[in-house]
Amino acid sequence: MAITTHKASPKAPAQSTRKGQLVPRVKMTLKGHEERVNDVAFIHGTRLLVTGSDDKSLRVWNLDTGKQVGEPLLGHDAEVDRIAASPDGRWIASGADNGSILVWEVATNETELKRVPISFKGHENTVWDVVFAPDSKTFASASWDETVCVWKRETGEIVFGPLKVGSSANSVAYSPDGTKLVAGTLKHIIVWNLKTGKELLKIEQRAWQVAFTPDGLRLVSGNRKDIRISDATTGNIIKQFDAHSTDGEPFHALAIAPNGTKLVTLYDKTTRFFDLTTFEQIGEPLEHPDEVWGVAFSEDSQFIVTGCADKLVRTWTVPLSDSELQQSTEKILKKTIIRQQPHPRRPPIQTSTSRFFDGFDPHSPPGRNNHATTTSNTDGFKNAMNRLFSRSSAPDDHAPPRRSIPLVDVFATRGKHRTANRHTAERDKKLQQQRPPRQQAHATASSSVPPAGTSNVVGGATPATLQTEGANASATTTHPSPLDVEHVSDTTCFAVLTSCFPRLSRARQTNTAAPRTR
């Protein structure tokens, strides 16, 4: 047993069809049988394939490696004509040329088959077809002895039949729901109800092969060279056309894709595909070097396997129909257009109308007291800074008009000149509520004359400076006492300090007796 790789030969080159497609090439060739390969079947749910041959054996193949799994399965005393796999993937049934039927169990490791020691005796001649019911509990067989039987897999007893059909029973098939059974004979197509055992339909038409469509509404049958599509209930012909050009050997086999879109037929040395919607041929025929006898679709309907009289098993890709080709092209174009389109830009972040740096002028002079470029509607950074250093927390729209900050010469603080902000009227009121006035306590001090060389200016929009003219300065100049500063509407920082620290006031009164000169 070996695996060979198919090479294009002069007999079967890849040809271009009128639709622009190429004839599918062989994907894999499996070599191992010693005689003609009569039938092939996929084990559902696995990547295993089973084949039957005139060499009286069954063989299991791994489609991933292309190699035979285990040893050949022996048990038949005659050529193996037909095989079938159960829908649950656990059982294989095989029918031989002498009328014998065997059932094989798929091992749990899914790598080998084991024969079930049950005898299925009932046919007296060649078993032309065998098929499992959808529930995998029963299977049906058709024989050259003009009978159709339904078997119970577990016991081997006949649960329906033998049904006499009057001529050779060539093919048999279950409806998708398992309630009906159809058989193709040399004279008729017959449909039974399996629940009642009654005959539902009998069509005067010879059929070498017959099958239900996956929806159960139609019957597909093949005679010698023609295909017939019939209504499964009434038997009326929906479509009839010639699938092959010569009227020679009968149909060897036909199969319907699990997705219900295609039909494949075997005739002589060719394999042909047909669209079940338009009933037109798909691509060109697949050419074999010898007669082809068995065919099966994969579960995904993407490829088929054929068994040939040259002892080889081949796998082929399934060509696309016109409608599928158009849909595939549209998908490719759609993906291409989407890829070529630029990626959409990220939408801008939604922010408020007033942003932090709006209105900021990097060329403005430094200093917070510079109001030359300030306007009534300025916002952003400058407003944020103004609010930060402002004495009031009111918004800009309701803020009082800005006032200039007076300069105050503070002599009591060791002769250094400092700058202080004026307090607002609200601050003055709060300070007055916190402590009582000192008018009486410092009545005499409030009327005293401050020493020469000292002068504090409180109130007014214009700053005042210290006026000192020496020891002969006029002593009659009156200045408000620091102790009376709280009676002024705008109180300076120095007034607050002298109010809080009487020591500074006493020191100043002491210094009035001896005026200092510069």
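See the structure shown above.
Notes on the structure follow. Treat the numbers as computed from the prediction; the structure is a model and nothing was measured.

### Brief notes about the sheet that holds strand S13 (residues 147–152)
Next, step 1: The sheet built from 4 strands is open, its strands ordered S11-S12-S13-S14 with antiparallel pairing. Every other strand in the sheet has two partners, leaving strand S11 (127–132) and strand S14 (158–164) as the edge strands with one partner each. Averaged over all pairs of adjacent strands, the angle between their axes in this sheet comes to 15°, without regard to strand direction.
Next, step 2: As defined by bridge partners, S13 adjoins S14 across 4 bridges and the pair is classed as antiparallel. Residue valine 148 lies in a different strand from S14, and its bridge partner there is leucine 163.

### Thoughts on the pairing of strand S21 (residues 226–231)
Each regular strand carries side chains that alternate between the two faces of the sheet.
Next, step 1: Here S21 lies mainly inside the structure; 5 of its 6 residues are buried.
Next, step 2: Pairing of strand S20 (residues 218–222) with S21, which is carried by 5 bridges, proceeds in the antiparallel orientation. Considered in S21, the bridge of arginine 218 is made with aspartate 231.
Next, step 3: Between the end of S20 and the start of S21, which pair antiparallel, lie 3 residues.
Next, step 4: Where S21 and strand S22 (residues 237–242) come together, 5 bridges link them in antiparallel fashion. Looking at S22, one finds that isoleucine 227 is bridged to phenylalanine 241.
Next, step 5: Counting the residues between successive antiparallel strands, the hairpin from S21 to S22 contains 5 residues, one of them, glycine 235, with a positive phi of roughly 85°.

What counts, and where the lines are drawn
- Residues numbered from 1 in each chain as written.
- Predicted model: local features only at pLDDT ≥ 70, side-chain atom pairs only at ≥ 80, totals over all residues.
- Heavy atoms only, no water.
- Pairing = 2+ DSSP bridges.
- Helix = DSSP H or I, 4+ residues; strand = E, 2+ residues; numbered from the N terminus.
- Axes fitted to C-alpha atoms, helices over the stretch in contact; angles between N-to-C directions.
- Buried < 20%, exposed > 50% of the residue type's maximum accessible area, 1.4 Å probe, protein only.

Don't take any of this as a statement about function, it's just geometry.
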